[in-house]
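# What the coordinates show
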Amino acid sequence: MESVVFNTKLLDVSDIPWVLDYWMNASPEYLRSMGADPEKMPDKSQFEDMLLNQLNTPIESKNGLATIWMINGKRVGHCNVNQLEYGSHAHMHLHLWRPDQRAKGNGTRLLSKSIRMFFNELNLEKLYCEPYALNPAPNRILPKVGFTFVKKYRCIPGSINFEQEVNRWVMKKQVSL
């Protein structure tokens, strides 16, 4: 049986086309299924500028940070934080790009690695995740990796979202991270 290697790394310039491809080629139905409003999506150049700015900002001043998920050396997704306050908290988002890699436990393995990186790189005390309540995948994976459910509430969670119910999950810093 062939062994599978799961890696997570911080986003670098070579990863930007992959992230852009995921967002720019997502169907309106797929975007809505994860709570995004297709009409609010930035264009490709705006998205690229945002990612480049993220890369060029010192760690203590960043408002976001992303990791790239890899299986056997191939990029398959990303995980990012925004609403970041270095040394305190951030809000996490997870995206497994390839449908053939979903529902196999791969996201759980990769997300665990990203969580450790976010806590360590950003010196976080708390990590939040607020997925669309009707998006089953993130709501299923979060308790598996140690998040605690806090509440369900209605809001517009971000600049690309429509008003929706979200589930707030939290993970507090652990000594073992």
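See above for the structure.
Notes on the structure follow. For clarity, every value in this text was computed on a predicted model and none was experimentally measured.

### Things to note about the overall build of the protein
Counting its secondary structure elements, the protein contains five helices and seven strands. Counted from the first residue to the last, the protein has its helices and strands arranged as β-α-α-α-β-β-β-α-β-α-β-β. In terms of overall dimensions, the protein has C-alpha extents of about 40 × 40 × 35 Å along its principal axes. The proportion of buried residues among the 177 residues of the protein is 42%. Working note: accessible area of the protein is about 9,500 Å², and carbon and sulfur atoms make up 50% of it.

### Concerning the sheet that holds strand 6 (residues 148-155)
Pairing between sheet strands relies on hydrogen bonds along the backbone, with the strands arranged either parallel or antiparallel. As summarised here, the arrangement of the seven strands in space is 1-2-3-4-5-7-6, forming an open sheet in which the pairing is mixed. Each end of this open sheet is capped by a strand with a single partner; those strands are strand 1 (6-10) and strand 6. In this sheet, adjacent strand axes meet at a mean angle of 25° when their direction is disregarded. Bridge count for strand 5 (residues 126-129) against strand 7 (residues 164-172) is four bridges, and the pairing is antiparallel. By the bridge assignment, Leu-127 is partnered in strand 7 with Met-171. In this fold helix 1 (residues 16-24) packs onto strand 2 (65-71), strand 3 (74-85) and strand 4 (89-96), with an angle of close to 85° to the strand it touches most, strand 3.

### Digging into the side chain of Asn-161
In this structure, Asn-161 sits in the loop between strand 6 and strand 7. For Asn-161, a relative accessible area of 11% corresponds to the buried category. Within the structure, Asn-161 has its side chain in polar contact with the backbone oxygen of Gly-35 (distance 2.8 Å).

So, how was this worked out
- Residues numbered from 1 in each chain as written.
- Predicted model: local features only at pLDDT ≥ 70, side-chain atom pairs only at ≥ 80, totals over all residues.
- Heavy atoms only, no water.
- Helix = DSSP H or I, 4+ residues; strand = E, 2+ residues; numbered from the N terminus.
- Buried < 20%, exposed > 50% of the residue type's maximum accessible area, 1.4 Å probe, protein only.
- Areas by Shrake-Rupley, 256 points an atom, 1.4 Å probe, with all protein chains shown as cover.
- Pairing = 2+ DSSP bridges.
- Axes fitted to C-alpha atoms, helices over the stretch in contact; angles between N-to-C directions.
- Contact = heavy atoms within 4.5 Å.
- Polar contact = N/O pair within 3.5 Å; in protein donor to acceptor, adjacent residues only side chain to side chain.

Remember, this is a structural readout, not a statement about activity or role.
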